[in-house]
Amino acid sequence: MAEVKLVNMCKTYEGGISAAKDINIAVKDKEFLVLVGPSGCGKTTVLRMIAGLEEITSGELYIGDRLMNHVPPKDRDIAMVFQNYALYPHMTVYDNMAFGLKLRKYSKPEIEERVTEAAEILGIRDYLKRKPKALSGGQRQRVALGRAIVRKPKVFLFDEPLSNLDAKMRVQMRAEISKLHGRLDATMIYVTHDQVEGMTMGDRIVVMKDGVVQQIGKPLELYNGPVNKFVAGFIGTPAMNFFQGKIKKNGKIYFEETGEGIRLEIPGSYEPRLSGVLGKEVYLGIRPEHIVLEEGKKRELDSSWPLRVEISEPMGNEVYLYFQSRTSQIVSRVTIVIDPKPGTELKMYFDTTRAHFFSTQNETALFFS
């Protein structure tokens, strides 16, 4: 079994600088878990503590049933793939992949078998005699993956392995790593600042901020039910729109943005859950794909609002529209292919049945829609 358990794990550096605070994560056997968050949030520190490259200040780390706090990295049965590949430039691809096995005194036939098998899986068998400088970025990344695969470890650790690749190669390597996970049936923990990678690759995602775990869940759980404003804004592209204002009632319940901004009717079914904040300031969050062209359709809710286009970004089968209201910048993602000029006024419909509400006190979700 290759379960990984982090129990109240903390990392504090000299001067009291805390990089990770009370981290509690249970990674299931054969799971693909992704740690995401902005730069400096502590995700790489957590990964390095699992690898044994950073000392754990307090708390416990288990791999399987074994406490690993003071076990040397070489004895943890893990393999790590780094952002910069960390290949030996003077060695061939074969020797780079075989190096760790040679140190562990594996026999030549077994080394040959393992390297050849990994090279077949990754499609780099033709490059085994080349040196890293003769390879592309994607090929070097495959070699780094191969060096990890030949070890046949219990746990694979990935530290932003795709950040040095171009956009097209990142998409390709995302798919290859996902297929690799299915083929190896191994436990993988993957660190990235790119939430798109997390959404497309992870069985579950851990969102971190300032060394603290904000939420753990499946990709769609985080997308549809963020527990706070940070998670809501971090997960999703383009990011969720936020408006600050008051929940009011005048026959119907509605949201009125502070500063004479937008005014949107809210479904009556939300009233019981918003009764405690009637007349009070809240944040309303709504995703770009839930702000659509009015198109004159009959709507159950009075939640349309005229907005003037600042920027239009055609994306092929959809377009991102950027607006500036009296108080807020707003982005909409519409699937109808239009390309309005800046200054064009469009009536946009805000689907408040898909809206999220957050406290202005602690930014936690008031309820899940």
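Residues numbered from 1 in each chain as written. Predicted model: local features only at pLDDT ≥ 70, side-chain atom pairs only at ≥ 80, totals over all residues. Heavy atoms only, no water.

Describing the overall build of the chain
Basically, it comes down to this: Numbering of helices and strands runs from the N terminus, with a helix taken as a DSSP run of H or I at least four residues long and a strand as a DSSP run of E at least two residues long. Each residue is placed in one exposure class: buried if its accessible area under a 1.4 Å probe, protein chains only, is under 20% of its type's maximum, exposed if it is over 50%, and partly exposed if it falls in between. Calculation of accessible area relied on Shrake-Rupley with a 1.4 Å probe; when residues are assessed, cover is drawn exclusively from the protein chains displayed. When charges are counted, neither His nor the chain ends are considered; positive counts come from Lys and Arg and negative counts from Asp and Glu. Every charge is mapped onto a representative atom, which is NZ of Lys, CZ of Arg, CG of Asp or CD of Glu.
When helices and strands are counted, the chain shows nine helices and 21 strands. C-alpha extents for the chain along the principal axes are approximately 80 × 45 × 35 Å. Split into buried and exposed, the 369 residues of the chain put 50% on the buried side. By element, 49% of the accessible surface of the chain is carried by carbon and sulfur atoms, the whole surface being about 17,800 Å². Of the side-chain charges in the chain, 52 are positive and 46 negative, and the distance between the mean point of each set is 3 Å.

Section: the sheet that holds strand 16 (residues 304–314)
Rules: Any two strands with at least two DSSP bridges between them are considered paired. The angle between two axes is taken between their N-to-C directions and runs from 0 to 180 degrees, where each axis is a line fitted to C-alpha atoms and a helix contributes only its stretch in contact.
One open sheet holds the five strands; their spatial order is 15-19-16-17-18, and the pairing between them is antiparallel. Two strands in the sheet have a free side with no partner beyond their single neighbour: strand 15 (291–293) and strand 18 (329–334). Direction aside, neighbouring strands of the sheet carry axes that sit 50° apart on average. Across five bridges, the pairing between strand 16 and strand 19 (residues 345–350) is antiparallel. From the neighbouring strand, S304 faces strand 19, where its bridge partner is Y349.

Points about helix 1 (residues 43–51)
Of all nine residues in helix 1, seven are buried, a share of seventy percent or more. At the C-terminal side of helix 1, G52 shows a positive phi close to 90°.

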